[in-house]
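Coordinates in review
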Amino acid sequence: MPPGPPGNTAAPADQGPPPAPPSAVRRRLPLVLAAVLALVLVGVGVAVVRPGPVGQWLGEDPDTSTVAGSPEPAPAAVLAAADVGAPVPSADGMGAVLDPLIGDPALGDRVHLAVADALTGQLLFDRGGAEATVPASVTKLLTAVTVLTARGPGYRIPTRVVAGAQPGEVVVVGGGDPTLTAGAKGFYTGAASLENLAEQVRTALGGTPPTRVVVDSSLYPGPVFGPGWDDDIPTGGYGGAITALMLDGARKDPKAGRSWAERVPEPDLTAGRAFARLLGVPAGAVSKGTAPVAPVDATGGTEPGAELGVVHSPPLIRLVDFMISESDNIVAEALARQVALARGQPASFAGAATAMAEMVPELGLPVDGLTLADGSGLSRKNLISPALLTELLALAAGPDRPELGGIFGGLPVGGWSGTLRDRYGSAPGTDAGMGVVRAKTGTLTRVHAIAGVVTTVEGRLLTFAVLTDQVSPDGMEPARVALDRIASALATCGCR
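Keep in mind it's a predicted model, so treat the numbers as computed, not measured.

Calculation notes
- Residues numbered from 1 in each chain as written.
- Predicted model: local features only at pLDDT ≥ 70, side-chain atom pairs only at ≥ 80, totals over all residues.
- Heavy atoms only, no water.
- Helix = DSSP H or I, 4+ residues; strand = E, 2+ residues; numbered from the N terminus.
- Buried < 20%, exposed > 50% of the residue type's maximum accessible area, 1.4 Å probe, protein only.
- Contact = heavy atoms within 4.5 Å.
- Expected span 1.5 Å × (residues − 1).
- Disulfide = S-S within 2.5 Å.
- Pairing = 2+ DSSP bridges.
- Axes fitted to C-alpha atoms, helices over the stretch in contact; angles between N-to-C directions.
- pLDDT = per-residue confidence, 0-100.
- Polar contact = N/O pair within 3.5 Å; in protein donor to acceptor, adjacent residues only side chain to side chain.

Regarding the overall build of the protein
For the protein, the helix and strand inventory stands at eleven helices and ten strands. Burial statistics for the protein: of 496 residues in total, 56% are counted as buried. Residue pairs at least 24 apart in sequence account for 72% of intrachain contacts in the protein once pairs closer than 6 positions are excluded.

Here's what the structure looks like:
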């Protein structure tokens, strides 16, 4: 189990001086992220508000409009714009800066690092970059890229109810939506509600009262816990039983915390009982089963297998945001199974791992040493190289696969958001990473990782990944600081 919550609540970073307006050159952002994100989100009907200078990092002109009254305070400098004309750091220059930091004893005996140019994908610095290393939650970057490729950013996961085999029997068919909630508002913003589904069912049944609820979660064949998970993960608040039907990421309390939360032992039955309450069906009349097959010529009605109602998850791009920003393990496993389903594999841990691994070479990414066992990174059987991660990030940032730009929407910003909100600035040598480093973190006992993008002091955008899996069991905080110093050093790097 991770030794500390990857998403502790913390205040945003202290505000600093406003950023300088981007130059004409900087507006030619090499990543096309502005267009990518806008097109993806408009296509799925999602509105996004980008606070402060995030828009400038995306290459937008600053707002020069005037409004009567007192102006609002300038926001903190976050995500400075990149410059396609900025010089590329040299390997020797980067080595002079990074080698002493890589040797920090807090990182243990196995530290593997790769840095690449985001514009060209060229590998700029390599210290064991091709070495397969336990990645922990950095695995979620691979899950995000494969699911966005396999399903597309606008795909929504259905939860259906069909008529059962007996009169008065209704069957809830789980489609794998981890964000489904019981009431009008659940843990995840924009989640589908059982209340809506129950109203559809009552309308479809007319005056016939439902008498029994069957829960069909057979889409996921099991097991419900991942291979290579630490013994305490199923009950430790970071993971839980992975079933095709669940409420609020299997949280016992939908108002619980972001990453850590007590989970229910049987998420599918818990959801079924909540649905039964909404229909006025007693909890004793809820059981597991499978839905009858609808007749080929079905045109509605209430014959066995006929659809009585359906609701859909938020768009996949939103689920990717949920997964990445707060390192949500339950959502990650659900998304990995969507890759499996799209590729004709069983929606299991093994099927998802196989489907994701098959897609890596199809995306032109290196597969040497790649081993996958789950989609969240809770498994210690996962192995990924830093080089794969840097190339993956460069692919997502480039113009050839615009659907992959969605991974940056939820990627935490140093000292500002997500799992990096309480990092950078509090330890010596990490100030430069505040508002400049944007990355996914990974933490298991002895395993600490970070991978993302950073803009150098001269404006060159880099992708980087640092993975270490031999840290002292009680060395989490020193290791995190050491990783943050490496990323911050890249931010200050002229390195020529």
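Back to the write-up after that little detour.
A short note on helix α4 (residues 139-151)
In this model, α4 (13 residues) spans 18 Å end to end at C-alpha, consistent with the 18 Å of a helix rising 1.5 Å per residue. The buried count for α4 comes to ten of 13 residues, which makes it a mostly enclosed element. For α4, the complete set of buried residues consists of T139, K140, L141, L142, T143, A144, V145, T146, V147 and L148. Contact partners of the buried residues in α4: α7 (316-325), α8 (329-342), α9 (349-362), α10 (386-397), β8 (437-444) and β9 (447-455). Two residues or fewer after α4 comes G152, characterised by a positive phi angle close to 90°.

Focus on the state of the cysteines
Under the definition given, this model contains one disulfide. One disulfide in the model links C493 with C495; its S-S distance is 1.1 Å. Note on the C493 and C495 pair: the S-S dihedral is about -140°, so by sign convention the disulfide is left-handed.

Thoughts on the sheet that holds strand β7 (residues 307-312)
Hydrogen bonds between backbone atoms are what pair the strands of a sheet, whose relative direction is either parallel or antiparallel. Spatially, five strands are ordered β6-β5-β4-β3-β7 in an open sheet, and the strand pairing comes out mixed. The sheet terminates laterally at β6 (286-288) and β7, the two strands that pair on one side only. If you compare each strand with its neighbour and ignore which way they point, the axes differ by 20° on average. Relative to strand β4 (residues 169-173), strand β3 (residues 158-163) is paired through four bridges, and the arrangement is antiparallel. Counterpart to A163 in the pairing with β4 is V170. Docked against the sheet, helix α6 (residues 267-279) engages β3, β4, β5 (212-216) and β6, running at close to 145° with respect to β6.

Topic: the pairing of strand β1 (residues 111-117)
Of all the seven residues making up β1, seven are buried; the element is thus mostly covered by neighbouring parts of the structure. Covered by surrounding structure in β1 are V111, L113, V115 and D117 together with H112, A114 and A116, the residues of both alternating faces. Sheet analysis places β1 next to strand β10 (residues 461-468), joined by seven bridges and oriented antiparallel. Across the sheet, residue L113 finds its bridge partner in β10, namely V466. The antiparallel hairpin formed by β1 and strand β2 (residues 123-127) contains five residues in its connecting segment, where G121 sits at a positive phi of about 80°.

Points about the confidence of the model for the protein
Put simply, the protein has an average pLDDT of 85, and 83% of its residues get 70 or more. In the predicted structure, residues 1-78 sits below a pLDDT of 50 and forms 139 contacts with residues beyond four places in sequence or in another chain.

Examining the sheet that holds β9
Taking strand neighbours across the sheet as the criterion, the five strands line up as β2-β1-β10-β9-β8 in an open arrangement whose pairing is antiparallel. Each edge of the sheet is formed by a strand with only one pairing partner; in this case those strands are β2 and β8. Taken pair by pair, the neighbouring strands of this sheet meet at an average axis angle of 5°, ignoring direction. Direction of pairing for β9 relative to β10: antiparallel, over a ladder of eight bridges. Its bridge partner lying in β10, A451 is registered against A465. Against the sheet, helix α3 (residues 91-102) makes contact with β1, β2 and β10, and its axis sits at roughly 35° relative to β2, the strand it touches most. Here α10 sits on the sheet and contacts β1, β9 and β10; the angle it forms with β10, its principal contact strand, is near 150°.

Digging into α8
With 14 residues, α8 should reach 20 Å at 1.5 Å per residue; the first-to-last C-alpha distance of 20 Å fits that figure. Where α8 is concerned, the buried positions are N329, I330, V331, A332, E333, A334, L335, A336, R337, Q338, V339 and A340. Structurally, α8 contributes buried residues whose contacts are with α4, α7 and α9. Measuring from the side-chain oxygen of the N-cap residue of α8 to the backbone nitrogen of I330 gives 3.2 Å; that N-cap residue is D328. Taken from the residues just after α8, G344 is the one with a positive phi, measuring 75°.

What to know about unusual backbone geometry
In this model, G222 is joined to P223 through a cis peptide bond whose omega is 0°. Tracing the backbone shows P223 in the loop between β5 and α6. Even without being glycine, D248 reaches a positive phi, approximately 55°. Within the fold, D248 resides in the loop between β5 and α6. Despite not being glycine, R446 has its phi angle at roughly 80°, a positive value. Taking relative accessible area as the criterion, R446 reaches 30% and is therefore assigned partly exposed.

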